[in-house]
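# A look at the structure
For reference, the chains in residue letters:
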Amino acid sequence: MAESGDAPVDKPVQVKLVLLGEAAVGKSSVVMRFVQNDFSENKEPTIGAAFLTQKCRLEDRVLRYEIWDTAGQERFHSLAPMYYRNAQAAVVVYDITKASSLEKAKSWVKELQRQANPNIVIALVGNKLDLVQSPAAAGAAPAGEEAEDEEADDATATPGEGGEQPLPEPEQEGESLRQVPKDEAAAYAQEAGLLFAETSAKTGEGVVEVFTEIAKKIPIEHILASTRGGSGSRAGGAQARPNVTLQEGQQPAGGKACNC
Amino acid sequence: MQGHLRLKEGFNKVHEAQEKLDEHEEIDWDFWGEIMADYEHVARTKAKQLSEAIQKGIPGALRGTIWELMSASKDMMLEQVYAELLKESSPHEKSILRDLGRTFPNHEYFQDVQGIGQENLFNVVKAYSLYDPEVGYCQGMPFVVAALLLNMPDEEAFCVLIRLMKSYDLRGHFLPEMPGLQLRLYQFDRLVEELLPLLHQHFVRQGVKSSMYCSQWFLTLFSYRFPLDMVFRIFDIIFATGIEAIFGFAIALLEKNEDVLLSLKFDQILDYMKTGLFDTYKVYESPVSPSERPPTRYRADDFVQDAFQVKVSPFMLDTYAAEYEELLRQQNKHLVEMDTLRNVNRHLSAQVKTLESSLAQLNTEHCDLVKQFVMIKLEKEEMESELVKYKMLYAETMLANEDARSSSRISFLSKRSR
Ligand SMILES: Nc1nc2c(ncn2[C@@H]2O[C@H](COP(=O)(O)OP(=O)(O)OP(=O)(O)O)[C@@H](O)[C@H]2O)c(=O)[nH]1
Ligand SMILES: [Mg+2]
């Protein structure tokens, strides 16, 4: 704590974040859940882009996300570089009930890795999780292959998320709507070096966690140093990013991690 | 003929109802009747009066018809085309359907998934995507169509949409790459710089770009989230004077809010653009009873007047357009230059690579030769030493030979002397 003298706790670190992904996958809804803890069934398409901010408390640090929520339709693609050019983080969203949206997400990731800030932290987010969890759809879930998939999902999910989701999940998923298997997307994310999560903007599941996980991976010292023209960087500051400490301090109730 | 009667009937009904409602807002119903009867004639002979009447706002019930008259959109052939297109299916159907419930989601007319509002919206947008495949479907377009549909039946909305796209030059907003929008954003930037220099400077310092807030104004002709009474008034003026009217309204909004905007920071500015701009036109009525809040009303007349006060001349717009063209040309030239340089670079790289590989080859060849040379040298040395050996052997043999010969001579001589 003593060293935080020149990294004031009260002055939040600004983190520029951009949301990308196919139209109607739920980018604006995810942001609205994060910023206002709210959801609306019929959301207007984003025309151009929308800007929002939200603070996120992490241990002794406060981040302030400056979020650009972009339009999903291909026609607006040419405007996107302006929004991701200086971004330190990106959330690339797809819709788990729409296979094509993952392909679009992959192409965004590729573009980011080629064109954006080389240190950018990217999270791949499969949204609309509630649609494959509805009890009504559970009856329609076919057995056999699908059941195996579910087991695989559990196996991959346990180590990473075990601490954060103390509630036993109703794994009676209505998998019939699902078009993107969780393990397939997770494997891709791992391979491409991305954070990964499935969320529901509707129920709020997993949304805040995405932003806290990103916050943990952001090289804060780096940003501080660069925004202050280098004067703020202490010896070894860049390496001192206390990744491990943050993990230890992780709160079991994910919803509390961000101070909304 | 029937349509005409229907119009007349509707006109009379509205006339009576309205007269009771707006006693204070003198609407010249006789004049509007004249306009409805023969728009062309009125436009030719009483242009000034007409434009004043439109500035005061077209009466709601006549609005759709007047829009059609102003844009000269009535076209039976086109309505037939529309009817035909309804039977076809469009490659954009999925995208259009996806956005149906997301257009004016808070407006009663468009809320019902099975309702006539969404059905008409789908039909017009889908038909247009077939009619103009180069544009196809673009987000933002349904908002314009929805504003039309709130004032006229779908086949007429289709015809007006086509007028808007072509004659009013809205089409460039929706083409891939949106060239028309880019141009108008540039013109708008320059207008802000010219007319509101303080605000321009403030925006530059704060990093606010017009594309961040203005794209959605222009793409939806302000219908995205602004109060509908205001939106319709904007449409009135666009139909009457042309698409350039959007500049007047956009500048007026900034000008009216300039003091507030000057005091705000980047994120506050963008937030205010979404939510606060129209506050200055709000009518604050004291509630009749605490439980019953009257619907928010806006001083739309003032808004229109303010927009008309903005001095945007065709000359300015043309100048800025020329600047933009030049900018694009420069950019293109730059791109071409970059491209040629890149090509040259690639060529040189390839050359370097071949040279490198031939150098490598030469090197290995050289190595081989050196090796060979060394080997030969070694061989030569070996041979030389062998030669020396032979030479010595020869010498020895010679010596031995000589010895043998001399000893035999001696024995011969001694034999003879005996
Ligand atoms: N069931 C369900 N619906 C969702 C979820 N997230 C978003 N939606 C719905 O999906 C539609 C699109 O959501 P948006 O948030 O506007 O999507 P977007 O990605 O911002 O779309 P564009 O702005 O057009 O690119 C809306 O009707 C939302 O209500 C979710 O988690 N579950
Ligand atoms: Mg959106």
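Computed from a prediction, not measured in an experiment: that's the story for all the values here. Counting restarts for each chain: residues are numbered from 1 in the order of the written sequence. Going through the entries in the order they are written, you letter the chains from A and number the ligands from 1. Local features in this predicted model are restricted to residues of pLDDT 70 or higher, and side-chain atom pairs are both shown and tallied only at a pLDDT of 80 or more, whereas totals for entire chains, interfaces and linings draw on every residue. As a rule here, side-chain values come from all non-hydrogen atoms in the structure, and water together with hydrogens is ignored.

Further remarks concern the site of ligand 1. Surveying the vicinity of ligand 1 reveals 26 residues, the closest of which are Lys27, Ser29, Glu41 and Asp130 of chain A together with Arg102 of chain B. One heavy atom suffices: a residue is near a molecule or strand as soon as one of its heavy atoms comes within 4 Å of it. Near ligand 1, residues from chains A and B are present, making the site a shared one. Residue Ser40 of chain A places a main-chain N or O atom 2.9 Å away from an oxygen atom belonging to ligand 1. Under this definition, polar contacts are N or O atom pairs within 3.5 Å; protein pairs additionally need one hydrogen-donor-capable and one acceptor-capable atom, and for neighbouring residues in sequence, both atoms have to be side-chain atoms. Here a nitrogen atom of ligand 1 sits 2.6 Å away from a polar atom, N or O, in the side chain of Asp130 of chain A. In the complex, the protein chains occlude 95% of the 650 Å² of accessible area that ligand 1 would expose alone. Counting residues per element, the shell around ligand 1 draws most heavily on helix H1 (residues 27–36) of chain A, which supplies 3 residues. The class makeup of the residues in the shell around ligand 1 is 8 nonpolar, 10 polar and 8 charged. Working definition of accessibility: Shrake-Rupley area with a 1.4 Å probe, residue cover restricted to the visible protein chains. Labels follow the DSSP assignment, with helices taken as runs of H or I lasting at least four residues and strands as runs of E lasting at least two, numbered in each case from the N terminus. Each residue gets one label: Ala, Val, Leu, Ile, Met, Phe, Trp, Tyr, Cys and Pro are nonpolar, Asp, Glu, Lys and Arg are charged, and the others, such as Gly, are polar.

The next subject is the UniProt feature "domain: Rab-GAP TBC" (unreviewed entry) in chain B. Summarizing the sequence annotation, UniProt attributes the feature "domain: Rab-GAP TBC" (unreviewed entry) to residues 57–242 of chain B in the numbering used throughout. When the span residues 57–242 of chain B is considered, its composition is 67% helix and 0% strand, and the gap between its end C-alpha atoms is 16 Å. UniProt positions are given in the numbering used here, feature names are shortened, and annotations may be inferred rather than shown by experiment.

Let's shift gears to helix H15 (residues 210–219) of chain B. All names here are of chain B. For each residue, the accessible area found with a 1.4 Å probe, counting protein chains only, is set against the maximum for its type, and the residue is called buried under 20%, exposed over 50%, and partly exposed in between. Taking burial as the measure, the 10 residues of H15 include 10 buried ones, the bulk of the element. Taken together, the buried positions of H15 are occupied by Ser210, Ser211, Met212, Tyr213, Cys214, Ser215, Gln216, Trp217, Phe218 and Leu219. With its phi angle positive at about 50°, Leu221 sits one or two positions after the end of H15.

The contact definition used throughout considers only heavy atoms, calling two residues in contact when any of these lie within 4.5 Å. Each partner contributes to the interface: chain A provides 22 residues, whereas chain B provides 29 residues. Its largest share of buried area at the contact with chain B, chain A owes to Glu44, Ile47 and Arg75 of chain A, together 31% of the area lost on that side. A carboxyl oxygen of Asp or Glu within 4 Å of a side-chain nitrogen of Lys or Arg is what we treat as a salt bridge. Across the chain A-chain B interface, the total number found is 2 salt bridges. Between Glu44 of chain A and Arg225 of chain B there is a salt bridge; the shortest N-O distance is 3.3 Å. The interface formed by chain A and chain B includes 11 residue pairs in polar contact (both at pLDDT 80 or more). Put simply, buried area is how much 1.4 Å-probe accessible surface two parts lose in total, over both of them, once they are put together.

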